[in-house]
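Tertiary structure, described
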Protein chains: 4
Amino acid sequence: MKVSIIGASGYAGEELLRLLHRHPKAEIVHITSEHYAGTSISARYPHLTHIYENPLESMEKIHLIAAGSDVLFIALPHGHAMQIAAQLEGYPLRIFDLGADYRFADVSVYETWYHAVHTDPQADRVYGLPELYRERIRTAHIIGNAGCYTTASILALAPLVRAHLIQPDSIWINAVSGVSGAGRTAKESTHFPELYDSFTAYGAVSHRHTPEIEQALSEQYGATITVSFTPHLAPMSRGILVTCYAALLDGVDGDAVDSVFPHAYGDEYFIRLRGRGAYPATKYVRGTNYCDIAWHIDPRTHRVIVFAAIDNLVKGAAGQAIQNMNIAFGLDERMGLDLVPMYP
Amino acid sequence: MKVSIIGASGYAGEELLRLLHRHPKAEIVHITSEHYAGTSISARYPHLTHIYENPLESMEKIHLIAAGSDVLFIALPHGHAMQIAAQLEGYPLRIFDLGADYRFADVSVYETWYHAVHTDPQADRVYGLPELYRERIRTAHIIGNAGCYTTASILALAPLVRAHLIQPDSIWINAVSGVSGAGRTAKESTHFPELYDSFTAYGAVSHRHTPEIEQALSEQYGATITVSFTPHLAPMSRGILVTCYAALLDGVDGDAVDSVFPHAYGDEYFIRLRGRGAYPATKYVRGTNYCDIAWHIDPRTHRVIVFAAIDNLVKGAAGQAIQNMNIAFGLDERMGLDLVPMYP
Amino acid sequence: MKVSIIGASGYAGEELLRLLHRHPKAEIVHITSEHYAGTSISARYPHLTHIYENPLESMEKIHLIAAGSDVLFIALPHGHAMQIAAQLEGYPLRIFDLGADYRFADVSVYETWYHAVHTDPQADRVYGLPELYRERIRTAHIIGNAGCYTTASILALAPLVRAHLIQPDSIWINAVSGVSGAGRTAKESTHFPELYDSFTAYGAVSHRHTPEIEQALSEQYGATITVSFTPHLAPMSRGILVTCYAALLDGVDGDAVDSVFPHAYGDEYFIRLRGRGAYPATKYVRGTNYCDIAWHIDPRTHRVIVFAAIDNLVKGAAGQAIQNMNIAFGLDERMGLDLVPMYP
Amino acid sequence: MKVSIIGASGYAGEELLRLLHRHPKAEIVHITSEHYAGTSISARYPHLTHIYENPLESMEKIHLIAAGSDVLFIALPHGHAMQIAAQLEGYPLRIFDLGADYRFADVSVYETWYHAVHTDPQADRVYGLPELYRERIRTAHIIGNAGCYTTASILALAPLVRAHLIQPDSIWINAVSGVSGAGRTAKESTHFPELYDSFTAYGAVSHRHTPEIEQALSEQYGATITVSFTPHLAPMSRGILVTCYAALLDGVDGDAVDSVFPHAYGDEYFIRLRGRGAYPATKYVRGTNYCDIAWHIDPRTHRVIVFAAIDNLVKGAAGQAIQNMNIAFGLDERMGLDLVPMYP
C-alpha cells in the first residue's frame, strides 16, 4: 500500500512515520508540510536522521499525491480535512483523518462545538474507533479517527453504558494528558518552565471532545447521554489517563461490573483488562496501541470508578489510525502494531 | 516561643524548619529523629548547611524536650502522636500534630479507617483547619492539623455544602498530588524512573483522607455527607490540585455559586478566589500557604466543578501548622507565612 | 529605597519581585513591560495575585520613573540598558543592569562577542560580582550584574587561578542549566515535550558568557586566561551546575587546594564550601542566593575538578542584583536574602 | 536461537525482553530472578501484561537453563557472571554479559577498580563494543558487553585518538545520564522528589567506567592513555550524553577532524555522524541502538569538543548485547534493532 501523510511535521504525523516504519505492507510515498515544504523531514526531526530523509512537500500537489496513494492520512487541525477530501472524490483511495471533521454522524453537532460550517456533510464516513465500529470501518471511504481523550473515555464507559449498569445522568470524566497532546507549536502555556512541577486543568465544560464521547455513549445506551468532561495537563510528555465516575443503578453489584468488561472486550487485542482494583498507568502503555482498563467499586456510595490509560499519540492518534487502516484493507489488525511499551 | 519538632527528618519536618526560619517569634530548640539521632540535620539535608546545623535528638528525652518547649510539632506517621501527647499531659505547651491521630471528633471513625485502637480519645483537641475551626484552635490543647488532600477538598466544597447549593450525594473529588506527598522513604513505587513520564491513580475508594473530608463537610451541611475521593500521583515534586464535582440543586444558578465563595472566604488571607472560569495551578501556590480556588458552571448538565490548588507541604502540612500555631498563640495569623510563590 | 524594575515581565524581573517582597528597605514604585503595559503584573503572573497587583507601565515614562526612584533594576536583553542609562545621567539613582551591557571593562570585548556598537563606553560602571568586586560596587553608578553561568564559573575557579595552583591554559568549563535560563519567550526549542526526558548542549565555543569568565579570571591571575565554556540544557526549571576542569601545576597537592577555598571565601555568607569530595546539587541552593562549591583531586592525572551550584534566577540574576544593591547602599549584604532553599 | 536471560527483573533485563520481542530469530526460553522467582514477569512489570507472561525462575537450575539455550544474557551486578560462566564451560552456548566481569583484557585492572578477585581470568572473552571489536566478537565464547558511559565515550574519542589528532594527556569526559542507569532498586538518592528539578554529579575521579575507557583508547592509540571521567545525574529517565574535551595537536585543523569521523565510521549503521557544529540530544536516540556523534572546533583555544548521545539501556546495554549476539551468530547486525526513536 502506498501511503501519504498530509501534515507530517506535527507530532501525530511524525508518530505515523515511527509506526509505519515497521509495517510490512505500507510504503511512504508522500509527506507534506506547508510550513516546511522543500526541506527534509529529518531537518525538522533530527531523530529521524538516516531513517526518514523524505522531502516534505506542499499540499498544492494534492491531486498528484492522491493519484499515487492508496492511503491518505490527514493530520491537520480541524477544518482542513473536509476541504481536502471534497477535492479527492473519485480517487480510489481511503482517507484516515486524525482531526475532527468526520467524527460526527450529525454534522450540526460539529458545527455547534467547532463554530464552523461543515462543507462535506454527505461524505461516506465512519467514526474511527475500531472496538465499537469495526464493521463500518471496513467499507467507509473516510474514517474519522477518534480523538485521544475520547478513545480512552469511550472504551472505559461503553461496557457499563451498553449493559445499563450505571445511571446515565451520573457520569463525570476526569482526564489527564501529557503535553504532547497540545501539538508541537510553541506557546507560552506549554513553555517548559511554565509547566514543570505544575498541574492544572483547562477546557472545563467546553472541551470539544465532549460531544464525541456523548455521541458514542448515547449510541451504546440507546438514548441520549450527557457527560461532564474535564481535561487536565500533567508535566510529562505522553499519555492519557481518564478516571471515569458514575453511580451504579440499584441492584447492580460488583460482580456485574466485573463480568461486563470481559464480555465487551474479550477478544480485543489492544484492550488489556487489568481487572477490579488495579491501577493502569500511562507508562504501562507508552509507545503502544494498548488501552489498559481497570475498575473499582465503592460499596459505601454504590458507585463505580473506571480507569483507562492510553498513549495519546498511539491509541489516541497514529496507532489507532493504522489499526483502522489495517481493518479497512482487510489486514491483520495488529500489523505493525505489536509494540512493547518503552519502560522506564 | 520555644519550638520543638518531633520527627524533623521527613519532608514535613524539614518544611517546618524552612518556614520557621523567617518566623519572628519562633526559636527552634529541639528537633528529633529516631533514625538519625546524633547527626546534624544538615547531614541529612545538605541544603540546610550553614542555616540549620542543629543536632537531631532522640524522642527518648521527650520530657526534657517538652519541659523546654512552648510548642511541639509532631510530624510522624499516625499512631505515634497519641502516645507522645498522652505522656505530656500537664506540660504547659501546645501540640500541633501533623498526623491523623487528633483529626477526628469521633475516634471510632479513626479506628475504622486506620485499623488501630485510639489510646487518647478524651484529649482536648480540634481539627486544625483554621478557615473553619479558628475559634476552637485558639484554645485547644492539641491541634490535629488537617491533611493535605483534605485541606484542599474541604476548602473547595465547604461553601457550596454549607449554603445547600449542591446535591449532597453527588460529590466526587478527583485529587492529584506531587510525589513529595509520599514522604521521603525510598520505595520502588516512587523510584524516579518508575514515575517519570507516567500518571496513575492509587487508593481509590479506600484512602484515609475520605473520612476527614466527610467529617468536615457533614458538619458544614448539618447532616451526613458521603463522598468519593480518588487520589492520583503526578510526576512532579510538590502540589495538590483537587477537581471537585457536584450536581447543583434545582433552582441554583451560577450567580448563587459566584456569591457563595466570597461570602465564605471574603477575609481569608490564605484563600485566593480566582473566580468563575479560572484555572488554579499548583505552581501558582508553590512554596506558600495559599489555597487558590476557582469554579465552573456547566449549564448543559446543571453541575458545578470546583478547583482548589495548594502546596501539599505548606497549606497541606507545615504552613498550616504554623498558621494554627499563630492562632493558638494570639499572633497575626500570617506571621512567617507572607510568602511569594517560587515561579517558575 | 524606592525601587523600579525595567522589564518586569520576564523571569528575572519577576524574581526580583519575589525577593524584594521581603526586603525591609525596598519599596516597589514602578514596574515596566512594553508588551504588557496597561495590565496588572498579576494578569501576567497569576501566582502574584493579591501579592503584587501593580500595573505594568511603559518605558516611555522613563524620566518620570527615574525621578521617583532610588534604584533602577534593568532586566532587558542586552543593548537596551546602555540606551536607558545614557538618558538618565544626572539622576541621583543607582542602576543595576541584569544584562550584559556594563559587564566589560573593555567595551571592544563586548562589541566583538555581541556584534553591536557600545554607545555608553565611558559610564562609571563595575562588574557586579560582589565576592570579587565588592569595594567598587559600593560607589559605581552602574552595576553590570554578573551573568548566571559566569557567576558560578568564576566563583569556582577564582581561588585556584589567583593562587596560581592550576595551569592557566588547561581550563574547561562544563555548564548545565535549567530551562528558566532561556527566559519566558516560547520557542519550539523550549516547548515542553521537546525537552522532557532529553539532555543536550548548545552554544559550544561561542557562548557569550565566555569573555566574562575570561575577563574575571585574567584579572585574578594577572595575565590573560582563555577558557572553553560549554553550556547544556537539562530538563528542569531552575539551577546551574558548573563542572570545572583544570590541570594542577607541578608540586601542587590536594592540601593546597583544600586551603585555598576557605582562604578565598572564609567570610562570604553566600558561598557555602562543601569541601573536598562533596557534590553540590542545584536543588540544595534552589530559590536562594547561595553558591555551593566543592572540589575533587584526581591523583592519577594530577588534576582538579571544581563543582559550583547556584540558582540561575537568584545568585545568577535577581538575588545577586539585590546583593549588589545592598552593598551599594551600605546595607547588610544579606538583607532580604536570608533564604532557605525550597526542598524537595 | 533459544535465548535465556539471567537477571530479567532489572531494567537491562526487561529492555532485552522489549527488544527481543521483534527479533525474528530469537525465542525466549528462560528468564530468571532470584528475588521474584515463581512469579510472572508481568507481575513485576505490568506494562508487559499479555506480551510476556513468562515465569521468573531461579538460577538454581542454571544447568538446565544452559542446556536448553543457545544464548545466555547475564544482566546481574558484577561478580556474578564469572561464577555462572565458570560453571557452564562445555555447554555449546554463547554468553553475553552485561556486567563488568569480562570487559578487561588485564584482569588486574578489574581487580583494582572493583576491589574483587577475578575467578575466571582465562575465559575466552572479548570486549563487546562491536564498532571496534567486531571480528573477535564473531568467535569469542564470552562477550563482555561494553558499559553505558564507556560506549558513548569510546565511540566519541576513538577516531581522534587512533589518528593521533589530540594530545593524549588532555582528555576530559563529562558524562550525564538519566536515572534508569542507576537500576531499579529504590534508594533515597533516586527517590523521585530528591532528583526532580535537580542536577548533580557523582563518582568523580573514581567511577569504574574509567578503566574501560582507558583500555579501549589506549589500544586505539598504541600507548597508555589516561582520562578523567566525571558522571552526572540528570532528572530524566533515559539517555546518556558525553561531552568529550581534548586539545588538538599542533598542526591539526578542523578539516582533519571533519574527515576522521567518516573515515572511522563510514559504514557503521548504528553510528549517526551529525557533523561539525551539531548537537546530539539524548531524545534523538531514545529507545534505539543509535549513537549520535557531533563535534566542534574551538579555534581560539585549538581544542576539540565531541558530543555523543546514546540510550543507556539500548546502545548502552540491551541493544548492544543483541547487536553483539547478531554478530556472534552471523546474522545481520541490525536484526531486531531497526528502531525509530520515540519522540517526543
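Note that the coordinates shown come from a computational prediction; the quantities given were computed from them, not determined experimentally.

Attention now moves to the overall build of chain A. Looking only at helices and strands, one finds 11 helices and 14 strands in chain A. In terms of overall size, chain A behaves like a compact globule, its C-alpha atoms giving a radius of gyration of 20 Å where 344 residues would be expected to give roughly 20 Å. Taken over the C-alpha atoms alone, chain A extends approximately 60 × 45 × 40 Å along its principal axes. When burial is assessed residue by residue, chain A has 69% of its 344 residues classed as buried. Considering only residue pairs separated by 6 or more positions, chain A has 69% of its internal contacts joining residues 24 or more positions apart. On chain A, roughly 10,300 Å² of surface is accessible, and the fraction owed to carbon and sulfur atoms is 52%.

Looking now at the packing of helix α1 (residues 11-20) of chain D against helix α11 (residues 318-328) of chain D. Between two packed helices, what matters for the description is the angle formed by their axes and the separation of those axes. Residue and element names in this part refer to chain D. It is at 8 Å that the axes of α1 and α11 come closest, and there the two elements cross at 55°. Classified by the angle between their axes, α1 and α11 sit oblique to one another. Regarding α1 and α11, the two cross each other, and that crossing is right-handed. The residues of α11 that touch α1, namely those facing A12, E15, L16, L19 and L20, are A318, G319, A321, I322 and M325. Along the lines of polarity and charge, the residues of the contact of α1 with α11 split into 8 nonpolar, 1 polar and 1 charged.

So, on to the sheet that holds strand β2 (residues 27-32) of chain C. All names here are of chain C. Sheet architecture is open: 7 strands sit in the order β3-β2-β1-β4-β5-β7-β6, paired in parallel fashion. Edge positions in the open sheet fall to β3 (56-57) and β6 (125-128), since each of these has one partner strand only. By the bridge criterion, 4 bridges tie strand β1 (residues 2-6) to strand β4 (residues 71-74) in an arrangement that is parallel. Bridge pairing in β4 links I5 to F73. Strands β1, β2 and β4 of the sheet are contacted by helix α1 (residues 11-20), whose axis makes an angle of about 160° with β1. Its contacts with the sheet place helix α6 (residues 130-139) against β5 (94-97), β6 and β7 (142-145), and it is angled at close to 150° to β6.

Rules of the game
- Residues numbered from 1 in each chain as written.
- Chains lettered and ligands numbered in written order.
- Predicted model: local features only at pLDDT ≥ 70, side-chain atom pairs only at ≥ 80, totals over all residues.
- Heavy atoms only, no water.
- Helix = DSSP H or I, 4+ residues; strand = E, 2+ residues; numbered from the N terminus.
- Rg over C-alpha atoms; globule rule 2.2 N^0.38 Å.
- Buried < 20%, exposed > 50% of the residue type's maximum accessible area, 1.4 Å probe, protein only.
- Contact = heavy atoms within 4.5 Å.
- Areas by Shrake-Rupley, 256 points an atom, 1.4 Å probe, with all protein chains shown as cover.
- Axes fitted to C-alpha atoms, helices over the stretch in contact; angles between N-to-C directions.
- Parallel < 35°, antiparallel > 145°, perpendicular 65-115°, else oblique.
- Left-handed = near helix turned anticlockwise from the far one by under 90°.
- Nonpolar A, V, L, I, M, F, W, Y, C, P; charged D, E, K, R; others polar.
- Pairing = 2+ DSSP bridges.

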